[in-house]
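Residue strings, one per chain:
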Amino acid sequence: MRKDAKDVATLVGEVLSGLEGDPESWERRLEEIAPELIEEIHERKQPITGLPDLNVEDGCHVVLRFAPNPNGPATIGSVRGIVVNSEYAKRHHGEFILRFDDTDPRTKAPLVEAYAWYLDDCEYLDAVPDRVVYASDYLNEYYEYAKKLILMGAAYVCLCERDEFKRYKDAKEPCPHRNTDVDSNLKCWERMLGGGYVEGEAVLRIKTDIKHKDPALRDWAAFRIVETPHSRPEIADRFRVWPLLDFESAVQDHVLKVTHIIRGKDLMDSERRQRYVYDYLGWQYPLTLHWGRMKLHEFGRFSTSAISNAIRCGEYTGWDDPRAPTLRALRKRGITADAIRKFMIDLGISETDISLSLDNLYAINRKIVDPTANRYFFVWEPVTIAIQGAVAMIATPLCHPDRSDVREIPVGDTVAVCSADLDGVGAGERLRLKNMYDIEIVKTNPLVAKHIGGNRGEWCATEEKPRYPIIHWVAGDNVDVVVHAPDQTYEGVCEIGILSEEGNIVQFERFGFVRIDSVDFDGKKAVAYFAHR
RNA sequence: GCUCCGAUGGUGUAGUCCGGUCAAUCAUUCUGGCCUUUCGAGCCAGCUACCCGGGUUCAAAUCCCGGUCGGAGCACCA
C-alpha cells in the first residue's frame, strides 16, 4: 500500500468527500459499528523511560557483573555500574556478580579496605551481589589459558622495549618475536613465570592482525611482569606475572558464564580485543551494551585516583568528604539508596556523553524524604533579641506539616534568630516569629523588640497573613550544631529535640534537608551534613 | 596521525532499528499564579529542542552521503 501512496491519497479524498457530517459524528458512528477500533484511535504510544529491554529469551539465565578495581571506594561513576547491572539481574531473576578486577598491584594498587567498602556500598544500594569474585585469586587459571594460546600459536612472548614495539605497531610491521616458534615461545613463557626476566623485559602478546586498520587492536599485551607485591596479604608476592585487564576480564567473563556486559563505552575497544581470545578458544562473547561518558556539573571528572590525590593533599577530609563524588559522601549527606537507584536508572544506557546536574538526584530524594522528615528550627549565625513585654509560653510548632504532633518549646524573653533575617530591618519594623507571636523592632543596637498582638500562652500572632517576614527562631535550651555542606560549613543553634535524631534525615526549616551524623548529649552538640534544599 | 562511538529544549531522557498516528514524551531547572503560620511539597500556567549541508521519497528526528562539534581508544592502567 505504501508504494501506491499517491493513488491511496486520491481514493481517500474521494471517499471522504462522499461522507456526511463532522468528525465527531463519524466517531459516534464508528462506536456503533466497530467499538474495538475506537480504542485504537485514542491509543497513544506509551513513552518508556529508564532501562531498555534486554530482549532475553524465556528461561535464559541472565548473568551480569560489575567489575571495579578496588583502588578506592565506589564513586558516582561506579554506582551507575552497580545499579544498572543489578537492576537487570533483578528484572530477569538472574545473577549479579561483583568482581574485583585487582590484577594491577602497582599502577592502580588495590586498597585493602576498599574491598569491604564496595560490599557495604552494594548493600546500601540494595544490590547485594549473588557472588563475589577476586580476580587476583585466579592467576594459575589465566596462566593455563595463556599456555593454551601459546601452543596454538596465538600468543607470543615479546622482548621488545615498549617504544620499540610501538614503532613496529604503528608501522604495521611484525616485531622480531612475532614469528618465534611455539617451542621457543613456551620456553620464554616458562622463563617469564620462573623469574628469568626482570620487570619490563618481557610481555606476552595476543596475536591479532598486525596490519589491522585500528591501531588499538594490533597484538595487544596480555601479561606483564610486576615485582611489587599485591596489597591482599593472601596474595602478596606469590606472583610476579600479572594479566592485563583485557585478558583477565576475557577469561573471567567466560568462566563466570556472563551473558551481558553493560559498561561505559570507553571499553568498546576492549571487546574487540577480547574477541580474538574468544575466537581462538571457540567461546561465545557476551552481549554488550554501553553508556557514554558521564560528567556532573558539581564535580567535573571523578576518577578514583583524582579523589585519592585530593585527600592526600588535604583538599578533602576523606573519602566521605561531602564535596567528594563518592557514594560514601552521598550516604553521609542523607541521599537515599532509592533516590540514587532511580536517578541512575532514569539515565538509561544511551551512548551519548552526558553532563548533568545533581539537582535531578536531589529532586528525587526530596520526594522520598519530605513526607517523613521531622522539622526543626536551626538558626545559623545567631543573634539574640530581647523582647519587651514577652510572656513565658510554650510554642508548639508541628513536627511535620502533614501530621498533628508538635514539639514543645518553652520560651522566655529572649530568642535567637539568623542575623541575615535582620539585615536592613530597622526600628519600627515588624516580624513574625513563626508559630509564636509577632514582634516590632524597638532598636537595633543592642537588639530590642517588643511583643505585639495576640493572646497569651498560645499561638498569638495576629490572625491575618502578615505583610512582614515570617522567620524562624531558637529559644531557651538549645544545641550547638555544625552543618557541613559541599560549599561551606554553617554553625549555629538548634532545638534540643535534634539530639534524638542521630542518623536521621530531618528538615531544618528555611534551610534544607540534612542528615544528623552525630550527637553529643552531654555537651549538647551535634554534627549534620547538608543534603539539599 | 589512525580507529571507534555519539549528536532531540538550560540539563537529562523517549521516539531512530522497521520513514507517515511527532505541530515530538517524561523528568528536572527557570518564570508567573494559587495555596500556605517558614522552607519544601502540592496544584495551575508558561518558556525553550530534532547539529549543518546535500540526497532518496508523495512523506525524513528516523534511511544514505559529506561536513562540523563532542567523547574515547591506539599503556607492560582499570
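Residues numbered from 1 in each chain as written. Chains lettered and ligands numbered in written order. Predicted model: local features only at pLDDT ≥ 70, side-chain atom pairs only at ≥ 80, totals over all residues. Heavy atoms only, no water.

K.L.:
Provide a residue-level description of the pairing of strand 20 (residues 447-452), including the pertinent values.
P.N.:
Of all the 6 residues making up strand 20, 5 are buried; the element is thus mostly covered by neighbouring parts of the structure. Pairing geometry for strand 14 (residues 382-388) and strand 20, over 3 bridges, is parallel. From the neighbouring strand, Gln388 faces strand 20, where its bridge partner is Lys450. Here 6 bridges tie strand 19 (residues 438-444) to strand 20, and the two strands are oriented antiparallel to one another. Within strand 20, the position partnered with Asp438 by the bridge is Ile452. (Buried < 20%, exposed > 50% of the residue type's maximum accessible area, 1.4 Å probe, protein only. Helix = DSSP H or I, 4+ residues; strand = E, 2+ residues; numbered from the N terminus. Pairing = 2+ DSSP bridges.)

K.L.:
Explain the pattern of salt bridges to me, and be specific about the residues and the numbers.
P.N.:
In this structure the tally under the stated criterion is 35 salt bridges. Note that Arg240 and Glu227 form a salt bridge whose closest N and O atoms lie 2.7 Å from each other. Residue Arg240 is located in the loop between strand 6 (221-225) and strand 7 (241-243), and its partner Glu227 is located in the loop between strand 6 and strand 7; the two are separated by 13 residues in the primary sequence. One salt bridge connects Arg432 with Asp438, and the closest N-O pair in it is separated by 2.9 Å. (Salt bridge = Lys/Arg side-chain N within 4 Å of Asp/Glu carboxyl O.)

K.L.:
Let's hear about the environment of Ala420: which residues, and what values?
P.N.:
If you trace the backbone, Ala420 turns up in the loop between strand 17 (414-418) and strand 18 (430-433). Taking the relative accessible area as the measure of exposure, Ala420 reaches 48% and is therefore partly exposed.

K.L.:
Outline the side chain of Arg333, listing residues and values.
P.N.:
Considering the arrangement of structural elements, one finds Arg333 in the loop between helix 12 (327-332) and helix 13 (337-347). Buried and unpaired, Arg333 has Glu298 as its nearest opposite-charge partner, separated by 8.0 Å. Side-chain polar atoms of Arg333 contact the backbone oxygen of Ala531, separated by 2.8 Å. If sequence neighbours within four positions are ignored, Arg333 has contacts with Pro322, Tyr362, Pro486, Arg515, Tyr529, Phe530 and Ala531. (Lys, Arg positive; Asp, Glu negative; His and termini not counted. Polar contact = N/O pair within 3.5 Å; in protein donor to acceptor, adjacent residues only side chain to side chain. Contact = heavy atoms within 4.5 Å.)

K.L.:
So, the packing of aromatic side chains: which residues are in play, and what are the values?
P.N.:
Applying the stated criterion to the full structure yields 22 aromatic pairs. Relative to Tyr118, the ring of Phe66 lies with its centre 6.4 Å away and its plane at 45°, an arrangement referred to as tilted. On the criterion of sequence distance, the pair formed by Phe66 in strand 1 (residues 63-66) and Tyr118 in helix 5 (residues 112-124) is long-range, its members being 52 residues apart. For the pair Phe66 and Tyr118, one class covers both residues: buried. Seen from their ring centres, Phe239 and Trp242 are 6.3 Å apart, and the 75° between their planes marks the pair as edge-to-face. Both residues of the pair, Phe239 and Trp242, count as buried. Through a chain of ring-to-ring contacts, the aromatic side chains of Tyr143, Trp189, Phe223, Phe239, Trp242 and Phe247 assemble into a single cluster. (Phe/Tyr/Trp six-rings, centres within 6.5 Å; stacked < 30°, edge-to-face > 60°.)

K.L.:
Lay out the pairing of strand 9 (residues 287-291) in plain terms, naming residues and giving numbers.
P.N.:
The sheet contact formed by strand 8 (residues 260-264) and strand 9 spans 5 bridges and is parallel. Paired with Ile262 across the bridge in strand 9 is Leu289. Considered for its hand, the β-α-β crossover made up of strand 8, helix 10 (residues 268-281) and strand 9 is right-handed. (Right-handed = clockwise from strand over helix to strand, strands pointing away.)

K.L.:
I'd like a description of the sheet that holds strand 5 (residues 203-206), backed by residues and values.
P.N.:
Taken in spatial order, the 4 strands of this open sheet run 4-5-6-7, and their pairing is antiparallel. At either margin of the open sheet sits one strand with a lone partner, and together these are strand 4 (155-158) and strand 7. Pairwise comparison of adjacent strand axes, ignoring direction, gives a mean angle of 20° for this sheet. Examined bridge by bridge, strand 6 and strand 7 share 3 bridges and lie antiparallel to one another. Each bridged residue has a counterpart across the sheet, and for Arg224 the counterpart in strand 7 is Trp242. (Axes fitted to C-alpha atoms, helices over the stretch in contact; angles between N-to-C directions.)

K.L.:
Break down the environment of Tyr468 for me, with residues and values.
P.N.:
As for its placement among the helices and strands, Tyr468 is situated in the loop between strand 20 and strand 21 (470-471). Among the residues examined, Tyr468 registers a relative accessible area of 19% and is labelled buried.

K.L.:
How would you sum up the sheet that holds strand 17? Please name residues and give values.
P.N.:
Pairing within the open sheet is mixed, and its 6 strands lie in the order 17-14-20-19-18-21. In this open sheet, the two strands that pair with only one neighbour each are strand 17 and strand 21.

K.L.:
Describe the packing of helix 13 against helix 14 (residues 359-369), with residues and values.
P.N.:
As a packed pair, helix 13 and helix 14 sit with axes 9 Å apart at the nearest point and diverge in direction by 135°. As summarised for this structure, helix 13 and helix 14 are arranged oblique, according to the angle between their axes. The element helix 13 and its partner helix 14 pack so that their crossing is right-handed. Residues Asp338, Ala339, Ile340, Lys342, Phe343 and Asp346 of helix 13 pack against Asn360, Leu361, Ile364, Asn365 and Ile368 of helix 14. (Parallel < 35°, antiparallel > 145°, perpendicular 65-115°, else oblique. Left-handed = near helix turned anticlockwise from the far one by under 90°.)

K.L.:
Could you give me a rundown of the side chain of Asn365, with the residues and numbers involved?
P.N.:
Along the polypeptide, Asn365 turns up in helix 14. In this structure Asn365 comes out as buried when scored by relative accessible area, which is 1%. Engagement of the side chain of Asn365 in a polar contact is seen with the backbone oxygen of Gly334, the distance being 3.3 Å.

K.L.:
Outline the state of the cysteines, supporting the account with residue identities and numerical values.
P.N.:
Working definition: the covalent bond between the sulfur atoms of two cysteines is a disulfide. Under the counting rule described, the total for this entry stands at 0 disulfides. No disulfide involves Cys160; its sulfur sits 3.7 Å from that of Cys175, the nearest cysteine. (Disulfide = S-S within 2.5 Å.)

K.L.:
Give me helix 4 (residues 76-91): which residues, what numbers.
P.N.:
The end-to-end C-alpha distance of helix 4 is 22 Å, a good match for the 22 Å that 16 residues give at a rise of 1.5 Å each. Among the 16 residues in helix 4, 13 count as buried, and that is most of the element. Phi turns positive, to about 50°, at His93, one or two residues after helix 4. (Expected span 1.5 Å × (residues − 1).)

K.L.:
I'd like to hear about unusual backbone geometry, residue by residue, with values.
P.N.:
In the segment running from Asn445 into Pro446, the intervening peptide bond is cis, with an omega of -5°. Within the element layout of this structure, Pro446 appears in the loop between strand 19 and strand 20. One non-glycine residue, Asp126, adopts positive backbone phi at about 55°. In this fold, Asp126 is placed in the loop between helix 5 and strand 3 (131-134). Owing to a relative accessible area of 45%, Asp126 belongs among the partly exposed residues under this scheme.

Fair warning: the whole summary comes from geometry, so function is off the table for now.
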